[in-house]
Number of protein chains: 2
Amino acid sequence: MTTTPAAAPTTDWLRLDQQICFSLNAASRAFGGVYRVILKDLGLTYPQYLVMLVLWEHGELPVKKLGEHLRLDSGTLSPLLKRLETAGLVRRERSARDERSVEVRLTDEGVALRERALQVPRRIMGATGFDIDEIRALRERLDELTGALDSATLEQQP
Amino acid sequence: MTTTPAAAPTTDWLRLDQQICFSLNAASRAFGGVYRVILKDLGLTYPQYLVMLVLWEHGELPVKKLGEHLRLDSGTLSPLLKRLETAGLVRRERSARDERSVEVRLTDEGVALRERALQVPRRIMGATGFDIDEIRALRERLDELTGALDSATLEQQP
DNA sequence: GGCCATTTAGTTGTGTGCAATTTAATTGTG
DNA sequence: CACAATTAAATTGCACACAACTAAATGGCC
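### Re the relation of the copies chain B and chain A
When chain B is fitted to chain A, the residual RMSD is 0.1 Å, and the transformation amounts to a turn of 180° plus an axial shift of 0.0 Å. These values place the two chain copies in the arrangement generated by a two-fold rotation axis. In terms of C-alpha distance to the rotation axis, chain B has Ser28 of chain B as its closest residue, with the C-alpha 3.3 Å off the axis. Most of the interface of chain B is mirrored in chain A: 96% of its interface residues are interface residues there too.

Written as C-alpha cells, this is what we have:
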C-alpha cells in the first residue's frame, strides 16, 4: 500500500466539509450525552425533556402544535408521547371540538416534575463552561444557520 | 426573594435552557435534512457520508480508529459498515496481525464515489449562506463546546 | 346534502446512537 | 506455560428521526 491517499489534501473541500458537519454533529451528541447523565435522575430522555419543556411553558397543546415548537412530526411524537403517558407525566385526549386532534396535557405528576427540573439548566451551563452571553451568541448563530438551511431545503424540493 | 406562586417562574431558566438545546438540536437536524437531499444522488445517508469522508482521507483503517475519528462505537458502526459493504463501497477484513481487529477499506467503487462527492461541500456551503470564515468561526466555537461537554461528562461518571 | 381535497394522528419500515452484554483474541503476570 | 485482565467487534435492546402510508375527521364547493 502506498502511504499517500488518493488526492492532494491542501485545499481539500471534502476535508473542510468534514470539519463542519463533524463539529455540529459532535457538539449535538456531546450535548446529548451531558443531558443523558443529568436527566437520568428525572427518568427522562433528552427528547422527552424537550417535550416537557414545551408543556411546562404552555400547559396543554395539541400534538400538531407541539410538533411545530419542536419541529418534529407525529412519527416521532406519537410513540414518545405514549411513553410519557405510560410514565404518568401526560395524558392524551381527543379534542371534543375537532376529533382529529389530540390534546396533550400534563398530569399533576408532570407538573410536579418541573420543580426537580429547575436545577437542570444550571448544571448544563456549568458543563458547557460558557456564560450566558456566549451561549446566547452561539444560539443566535445556530438559529441563523437553521433558518438558512430550512429555506434551502424547501427550495431544493420542487 | 420570594418567587411568584404559580406559572411565572423565576428568570425562567427552563425557558432559556429550552432555547439553547433547541437551537443546537434544530441546527443539527436541519443540517441533516440538507445533507439528506444532497446525498440522495450518491446513495448515502449522512452518517455514511461521514464514514466515507474519513475513509477517503485515510484510505483504510480499523473500525476502532474509525470510531475515534467519528466518536462512534461499534454498536453504531458495525451495522452501518455492513450496509456500506452491501452497497459495494467498502470491504471489511480481519486483520492478519491482530485478529480482534477489522480493517475497513474502500473498494474501487468507493474510491470512485469520491469524485461525485466533490460537489457536495459547495452545495452545502450554498445552503448555509455562510462564508468560509463564518463557518470556521462557528466550527471553532462548537469544538470548544464539545470539548467542555466531554470533560464534564467524564468528570461526572466516577 | 353529497363529494372531494385537506388536515391530523397514528403506523410501518429503515437507519442511526448508545448502553449493556457477548465472543474471540491478545496481553500481562506469576 | 497458565490464566486472569484487557481489548476489539459484534449483538441485543431501547429510543429517537424521518419518509411513506393509512385512517378518520373536517371544510369547501357545487
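### Regarding the environment of Gly67 of chain A
Residue and element names in this part refer to chain A. Its place among the elements puts Gly67 in helix α3 (residues 63–70). A C-alpha to C-alpha distance of 7.3 Å links Gly67 and Leu77, two positions 10 residues apart in sequence. Not counting residues up to four positions away in its chain, the partners in contact with Gly67 are Leu72 and Leu77.

### Considerations on the protein's contact with DNA strand C
Neighbouring DNA strand C are 27 residues; Lys64, Ser74 and Lys82 of chain A together with Thr45 and Gln48 of chain B lie closest to it. Counted by atom, the contact set of DNA strand C within 4 Å of the protein is 79% sugar and phosphate. With respect to DNA strand C, the backbone of Val63 of chain A contributes an N or O atom lying 3.1 Å from a phosphate oxygen. A distance of 2.6 Å separates a base nitrogen of DNA strand C from a polar atom in the side chain of Ser74 of chain A. For the surface near DNA strand C, the elements supplying multiple residues, two or more each, are α1 (13–39), α3, α4 (74–86) and β2 (90–94) of chain A together with α2 (46–58) and α4 (74–86) of chain B. When its residues are assigned to classes, the surface near DNA strand C shows six nonpolar, eight polar and 13 charged.

### Concerning the confidence of the model for chain A
When the pLDDT values of chain A are averaged, the result is 86; 87% of them are 70 or greater. Per-element confidence in chain A ranges from a low mean pLDDT of 82 for α1 of chain A to a high of 98 for α4 of chain A.

### Things to note about the protein's contact with DNA strand D
For DNA strand D, the set of nearby residues contains 27 residues, the closest of which are Thr45 and Gln48 of chain A together with Ser74, Ser78 and Lys82 of chain B. Backbone atoms, meaning sugar plus phosphate, form 81% of the atoms of DNA strand D positioned within 4 Å of the protein. Within the contact set of DNA strand D, a base oxygen lies 3.3 Å away from a side-chain nitrogen or oxygen of Arg100 of chain B. Broken down by secondary-structure element, the contributors of at least two residues to the surface near DNA strand D are α2 (46–58) and α4 of chain A together with α1 (13–39), α3 (63–70), α4 and β2 (90–94) of chain B. Across the surface near DNA strand D, the residue classes tally to six nonpolar, eight polar and 13 charged.

### A short note on the side chain of Glu103 of chain B
Residue and element names in this part refer to chain B. If you trace the backbone, Glu103 turns up in strand β3 (residues 102–106). Among buried charged residues, Glu103 stands out as having no salt bridge; its nearest opposite-charge side chain is Arg97, 4.3 Å away. Here Glu103 is in contact with Glu60, Leu61, Pro62, Arg91, Arg92, Glu93, Ser95 and Arg97, once residues within four sequence places are set aside.

### Focus: the packing of α2 of chain A against α3 of chain A
When two helices pack together, their arrangement is given by the angle between their axes and by how far apart the axes lie. All names here are of chain A. The interhelical angle for the contact between α2 and α3, taken along N-to-C directions, is 115°, at an axis separation of 10 Å. By the criterion of interaxial angle, the relationship of α2 to α3 is roughly perpendicular. Relative to α3, the crossing made by α2 is right-handed. Contacts between α2 and α3 pair Leu50, Val51, Val54, Leu55 and His58 from the former with Leu66, His69 and Leu70 from the latter. Residues that form the contact of α2 with α3 fall into these classes: six nonpolar, two polar and no charged.

### Things to note about the interface of chain B and chain A
Each partner contributes residues to the interface: chain B has 67 residues there, and chain A has 67 residues. Contact with chain A buries surface across chain B, with Leu14, Glu57 and Leu149 of chain B losing the most and accounting together for 10% of the total. Our enumeration of links across chain B and chain A arrives at two salt bridges. Between Arg141 of chain B and Glu134 of chain A there is a salt bridge whose closest N-O contact spans 3.0 Å. Of all the secondary-structure elements, those providing two or more residues to the side of chain B that touches chain A are α1, α2, α3, α5 (108–117), α6 (120–128) and α7 (132–155) of chain B. Looking at the side of chain B that touches chain A element by element, the count peaks at 24 residues for α1 of chain B.

Parameters at a glance
Residues numbered from 1 in each chain as written. Chains lettered and ligands numbered in written order. Predicted model: local features only at pLDDT ≥ 70, side-chain atom pairs only at ≥ 80, totals over all residues. Heavy atoms only, no water. Least-squares fit on C-alpha atoms with pLDDT ≥ 70 in both. Contact = heavy atoms within 4.5 Å. Helix = DSSP H or I, 4+ residues; strand = E, 2+ residues; numbered from the N terminus. Near = heavy atom within 4 Å. Polar contact = N/O pair within 3.5 Å; in protein donor to acceptor, adjacent residues only side chain to side chain. Nonpolar A, V, L, I, M, F, W, Y, C, P; charged D, E, K, R; others polar. pLDDT = per-residue confidence, 0-100. Buried < 20%, exposed > 50% of the residue type's maximum accessible area, 1.4 Å probe, protein only. Lys, Arg positive; Asp, Glu negative; His and termini not counted. Salt bridge = Lys/Arg side-chain N within 4 Å of Asp/Glu carboxyl O. Axes fitted to C-alpha atoms, helices over the stretch in contact; angles between N-to-C directions. Parallel < 35°, antiparallel > 145°, perpendicular 65-115°, else oblique. Left-handed = near helix turned anticlockwise from the far one by under 90°. Buried area = accessible area lost by both parts, 1.4 Å probe.

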